[in-house]
Amino acid sequence: MDTRQFIQRDETCWEIKATGRMRVPAVIYADAQLLEAMDRKVYEQLANVATLPGIVDAAYAMPDAHWGYGFPIGGVAAFDPDQGGVVSAGGVGFDISCGVRTLQTGLTMDQLQTHKQALADALYRTVPAGVGSRGRIHLNHDSMHGMLTGGAQWALEQGFGEEQDLERIEERGCMAGAEARYVSPKARERQKDEMGTLGSGNHYLEVQRVAKIFDHEVAKVFGLRVDDVVISIHCGSRGLGHQIGSEFLTDMAMAAAKYQISLPDRELACAPLNSPLGKQYLGAMRAAINCALANRQIITHLTRQAAETVFPGIHLGLLYDVSHNTCKVEQHMIDGQKKSLYVHRKGATRAFGPGHPDLPEQFSETGQPVLIGGSMGTSSYVLCGTKDGEQRSFSSACHGAGRAMSRSQATKRWQGRTLVDELAARGIIIRSPSMRGVAEEAPLAYKDVSVVVDVADRAGLARKVAKLEPVICIKG
DNA sequence: ATGTAC
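On a predicted model such as this, the values are computed, not experimentally measured, just so you know.

Undergrad: What am I meant to see in the overall build of chain A here?
TA: Within chain A one finds 15 helices and 19 strands. Dimensions of chain A along its principal axes, counting C-alpha atoms only, are 60 × 50 × 50 Å. Within chain A, buried positions represent 65% of all 476 residues. If you sum the accessible surface of chain A, you get close to 17,900 Å²; carbon and sulfur atoms cover 48% of it.

So this is what it looks like as structure tokens:
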């Protein structure tokens, strides 16, 4: 898009002042090249978000932002319930609490090298992947309720994982305020056989090598060294989150008139935080967050089982687990006053800085680990939250590379089989039930994650700690 | 993202 319409605040921060119905400015974090390449829709959607009731400070876009449903993906917006603030299903996204966690294997690349194929086989056999994939766990009414209210803590009680995992998960693995009664029978039905499955699209389980360290002090606290092997899991709340998102999107669109909210775009459907519908959505959304946390916890257990068959006695410790699609109540300073705000992050990572009270003690000096998943065959990054991020983006950072091309465009340009062969030639093993899915996820269908992460670092949203390169990728 | 159209 045309960069001339923006006021450039600094090298990586671009602002459009509030005009017309906008209540706050729109701010995009990008360098000139990323901004030029960004779809004009990102700005239009951001300007629309800025018109919503009760929005505070600014509507933000992260450097990986692209066109989404209503809100841009890579969008951050915070609302004040005391000023008529709203919650929007489109502002959270369909795959509620989709996120990434990274496990440390204690292995070095030397130890993995001769077992690569065996580990790929074991992981592909053990972790169900693909559209409609089902697991071995089947939830009844009671266990469904336990999962929806207990999240990863529930999964742990069922024997999936280790007690020490919990402190490395946002909300200690259990999102408070989940209200299972607002999760419809249909959402439950879709989920009952899908626990512990990866799903499809950009979801994956990836074995990675630590390729580079940028901040040695922080990397030491995180326990990362060059040539260490880690395993990252990227997935969300599967059919349940999608069903909840769809249902509330419809309900919110129909309720807009009742709440006298005039929407510049129907896709921005929302409800006042203090309204019954707003509260029902928050309760259901938090249950979906628990579903995603439980799902990643169960997949972690399956990953540990698979690794054990290849490396007997191995221990996989959790570095951290971040969610990308959420609305959370957080304390932030607005005009010198501490306020409880409802922060929507859609395709954006929470990135609390050093000293934040919600961080476990071991990260109090480093800030929160921020896990950035790259596209298939490209790098991923570990960053850490900053103090500056609090003022810049409600302590938020980018979540990945961000698509540069649509899925259908990608399938016209690339063939899955060819991509798998090309990546194999570079020493990267891809396992997937869907070659079409692989084509849709072609590395060049995404922005360059290294550029995106550099901008996030220079903008002060989060700081680079380590670069990870793929070795094995189980693709949904 | 998604029982890839309800």
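Undergrad: Teacher, can you tell me more about the nonpolar core here?
TA: The nonpolar side chains of a soluble globular protein tend to be buried, and buried together. Counting residues in each nonpolar core, the largest one holds 151 residues, and the members touching the most others are Ile28, Ile244 and Tyr281. Of all the elements, helix H10 (residues 276–310) adds the most residues to this core, at 17 residues. Ranked by size, the runner-up nonpolar core spans 20 residues in total, among them Val218, Leu319, Phe352 and Val382.

Undergrad: Help me understand the pattern of salt bridges in this model?
TA: Applying the stated rule across the entire model yields 33 salt bridges. For arginine 392, the salt bridge goes to aspartate 10, with nearest N and O atoms at 2.8 Å. Placement of the pair is arginine 392 in helix H11 (residues 388–393) and aspartate 10 in strand S1 (residues 7–10), with a sequence separation of 382 residues. Aspartate 10 sits in the partly exposed class, given a relative accessible area of 29%.

Undergrad: I tried to follow the packing of helix H5 (residues 116–126) against H10 on my own but got confused; where do I start?
TA: Helix-helix packing is described using two parameters, namely the angle between the two axes and the distance between the axes. As a packed pair, H5 and H10 sit with axes 9 Å apart at the nearest point and diverge in direction by 145 degrees. The crossing of H5 and H10 is right-handed. Residues Ala118, Leu119, Ala122, Leu123 and Thr126 of H5 touch H10, and the partners they reach there are Leu302, Thr303, Ala306, Ala307, Thr309 and Val310. Looking at the contact of H5 with H10 residue by residue, the classes come out as eight nonpolar, three polar and no charged.

Undergrad: What is the right way to read the protein's contact with DNA strand B from this model?
TA: Close to DNA strand B lie 16 residues; Val131, Arg190, Ser200, Gly201 and Asn202 are nearest. Atoms of DNA strand B within 4 Å of the protein belong to the sugar or the phosphate in 57% of instances, the rest to bases. At a separation of 3.1 Å, a phosphate oxygen of DNA strand B approaches a polar side-chain atom of glutamate 194. In this structure, a base nitrogen belonging to DNA strand B sits 3.4 Å away from a side-chain N or O atom of histidine 242. No other element matches helix H9 (residues 238–255), which puts four residues into the surface near DNA strand B. In terms of residue class, the surface near DNA strand B is built from two nonpolar, eight polar and six charged.

The rules behind these values
- Residues numbered from 1 in each chain as written.
- Chains lettered and ligands numbered in written order.
- Predicted model: local features only at pLDDT ≥ 70, side-chain atom pairs only at ≥ 80, totals over all residues.
- Heavy atoms only, no water.
- Helix = DSSP H or I, 4+ residues; strand = E, 2+ residues; numbered from the N terminus.
- Buried < 20%, exposed > 50% of the residue type's maximum accessible area, 1.4 Å probe, protein only.
- Areas by Shrake-Rupley, 256 points an atom, 1.4 Å probe, with all protein chains shown as cover.
- Core = buried A, V, L, I, M, F, W, Y, C linked by side-chain atoms within 4.5 Å.
- Salt bridge = Lys/Arg side-chain N within 4 Å of Asp/Glu carboxyl O.
- Axes fitted to C-alpha atoms, helices over the stretch in contact; angles between N-to-C directions.
- Left-handed = near helix turned anticlockwise from the far one by under 90°.
- Contact = heavy atoms within 4.5 Å.
- Nonpolar A, V, L, I, M, F, W, Y, C, P; charged D, E, K, R; others polar.
- Near = heavy atom within 4 Å.
- Polar contact = N/O pair within 3.5 Å; in protein donor to acceptor, adjacent residues only side chain to side chain.

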